[in-house]
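Analysis of the macromolecular model
The lines below spell out each chain.
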Number of protein chains: 2
Amino acid sequence: MDQSQTISAAQYFFVYNAFSFTFATMAATTLFLWLSKSEVAPPYRTALVISGLVTAIAAYHYLRIFESWQAAYEVSGTTVTGTGNAFNDAYRYVDWLLTVPLLLIELVLVMRLSSEETYSKATRLGLAAALMIILGYPGEVATDTGTRVLWGTLSTIPFLYIVYELFVGLGAAIKRQPESARNLINNARWLTFASWGFYPIVYMIPFTSFEGPNVETALQIGYTVADIIAKAGVGVLIFLIARRKSVAEYGDVEGNYPPQEAAAMARH
Amino acid sequence: MDQSQTISAAQYFFVYNAFSFTFATMAATTLFLWLSKSEVAPPYRTALVISGLVTAIAAYHYLRIFESWQAAYEVSGTTVTGTGNAFNDAYRYVDWLLTVPLLLIELVLVMRLSSEETYSKATRLGLAAALMIILGYPGEVATDTGTRVLWGTLSTIPFLYIVYELFVGLGAAIKRQPESARNLINNARWLTFASWGFYPIVYMIPFTSFEGPNVETALQIGYTVADIIAKAGVGVLIFLIARRKSVAEYGDVEGNYPPQEAAAMARH
């Protein structure tokens, strides 16, 4: 990050408070999802556990990002000076490498396909997501435009495959979902797509006419908003979907359904 | 905050201890609500989970506020001097942005309306609450009276909508509540209104003849008391309401009710 031109105190505190807000949001969502595990039928509990893992991992990284931000600047009154400690943006990539595959897996799990379908879709989508993040990184740290464009383009290939799977591959499965949950699943799919579509835009900011402090502020706030929507927003949707499907399929979310039902569930 | 005129040691420690007290209160209420989840019937458990989230988020922010207060002042003997590190009041707004919508959602959940009603009321009230906080912030950080009044007035519009919904919109639903819980729900509604009505008063303190250290102390103690009533106080009421409704509707709060009851419950 360009330390020669430092940000204003207002910009510093805006980003500072956004990071603290995001930590609180992610941690709160994690607790909500894990405490709500018993409020959905057994086949949907793993989806809540994993959705909570995504926000828990994000909470950890936002705490680190928050501390790294504090260490990078010295604020006294209204003057902000760079301390020379670089702000470690790599925490974001490390976070995405773990959370983005899990985000796709939670989407697959809440649809409750056959165990074979679940395994194959979760594996293929998870690997594509990891590949997308790994290919994006060399471009993120590159100093020249050529390299940035090259890796950015390469990482778009797995991204397009994921979009294809979400909108075509899972299309048939979505039609099989109970009426009451179908809209929510569709929202979750679109929310995932919309929030992810945002990352490439931020990735491209360095090519725009924006400069120095404004780029840094726009970039940090941009990634933060996208993370909240993609992780906490989708996580809450997963809970609502799991809850509605539990009611539609078993009536009793506590899971006190007839033995043959239970057996059928266990087979999945 | 005005650092030129610093507060007295007595004022410093009064606020310091109030922050520590509030952290303990919020954390204790969180544990109480979550540990009591199994003491209410299933339809009321999400209300307890969310009430506990509100106090958990507040506990986190009071810990940060406490640390920020310590960092802002240097105390030696009875002399207090500003360190130059600004006291980060924005933590309050960041907290409200998360907790105020959740506070309204916990009120809606404990009334146990149909899932459609719950979803629409929770969404509308949640968004209005977030809007109220967002519109208030530019005024809070403004240095001139004009800007403060403008944004203060704008944020009053969603506030009035919320009051309307609480007292008119939910009126019919409250009449449908079991006799034993109706008064408590009414109290929760009034406690919410009364404690929130306090924030605009504190917001207006800078226009009064109060000055410097006294304003700062009055403001911090004022917000702290309002937060305890609105979050911990209402949270405990939510538990009492959930408990009484569980008994009134199912007799057995453990949820061992006849299957048709269970199915009926789950549908909500």
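Just so we're clear, the structure is a prediction, and the values are computed from it rather than from any experiment.

Definitions and limits used
Residues numbered from 1 in each chain as written. Chains lettered and ligands numbered in written order. Predicted model: local features only at pLDDT ≥ 70, side-chain atom pairs only at ≥ 80, totals over all residues. Heavy atoms only, no water. Helix = DSSP H or I, 4+ residues; strand = E, 2+ residues; numbered from the N terminus. Polar contact = N/O pair within 3.5 Å; in protein donor to acceptor, adjacent residues only side chain to side chain. Contact = heavy atoms within 4.5 Å. Least-squares fit on C-alpha atoms with pLDDT ≥ 70 in both. Expected span 1.5 Å × (residues − 1). Buried < 20%, exposed > 50% of the residue type's maximum accessible area, 1.4 Å probe, protein only. Buried area = accessible area lost by both parts, 1.4 Å probe. Salt bridge = Lys/Arg side-chain N within 4 Å of Asp/Glu carboxyl O. Nonpolar A, V, L, I, M, F, W, Y, C, P; charged D, E, K, R; others polar.

All names here are of chain A. Counting through the fold element by element, Lys121 comes out in helix α4 (residues 115-141). In terms of polar contacts, Lys121 uses its side chain to reach the side chain of Glu165, at 3.3 Å. Once residues within four sequence positions are removed from consideration, Lys121 is found in contact with Val108, Leu113, Gly126, Glu165, Gly169 and Leu170.

Each copy superposes on the other: chain A lies on chain B with an RMSD of 0.1 Å after a rotation of 70° and an axial shift of 0.1 Å. Taken together, these values place the two copies in the relation of a five-fold axis.

Under the 1.5 Å per step criterion, the end-to-end length of helix α7 (residues 179-204) of chain A is 40 Å for 26 residues, consistent within 8% with the ideal 38 Å. Ala181(A), Leu184(A), Ile185(A), Ala188(A), Arg189(A), Thr192(A), Ser195(A), Trp196(A), Tyr199(A), Val202(A) and Tyr203(A) are the residues of α7(A) that are buried. Taken together, the buried residues of α7(A) touch α3 (90-111), α4, α5 (145-169), α6 (171-175) and α8 (212-250) of chain A together with α4 (115-141) of chain B.

Let us now look at the interface of chain A and chain B. Residue-level contacts link 29 residues of chain A with 26 residues of chain B. Taking both partners together, chain A and chain B bury about 2,200 Å²; carbon and sulfur atoms supply 65% of that area. When the buried area of chain A at its contact with chain B is split by residue, Asn17(A), Phe21(A) and Leu35(A) rank highest and sum to 22% of it. One can count 1 salt bridge joining chain A with chain B. A salt bridge links Glu39(A) to Lys37(B); the nearest nitrogen and oxygen atoms lie 3.1 Å apart. Taken together, chain A and chain B are joined by 6 residue pairs in polar contact (both at pLDDT 80 or more). Among the elements that take part in the side of chain A that touches chain B, helix α1 (residues 9-35) of chain A stands out by supplying 11 residues, more than any other. For the side of chain A that touches chain B, a count of residues per class yields 16 nonpolar, 8 polar and 5 charged.

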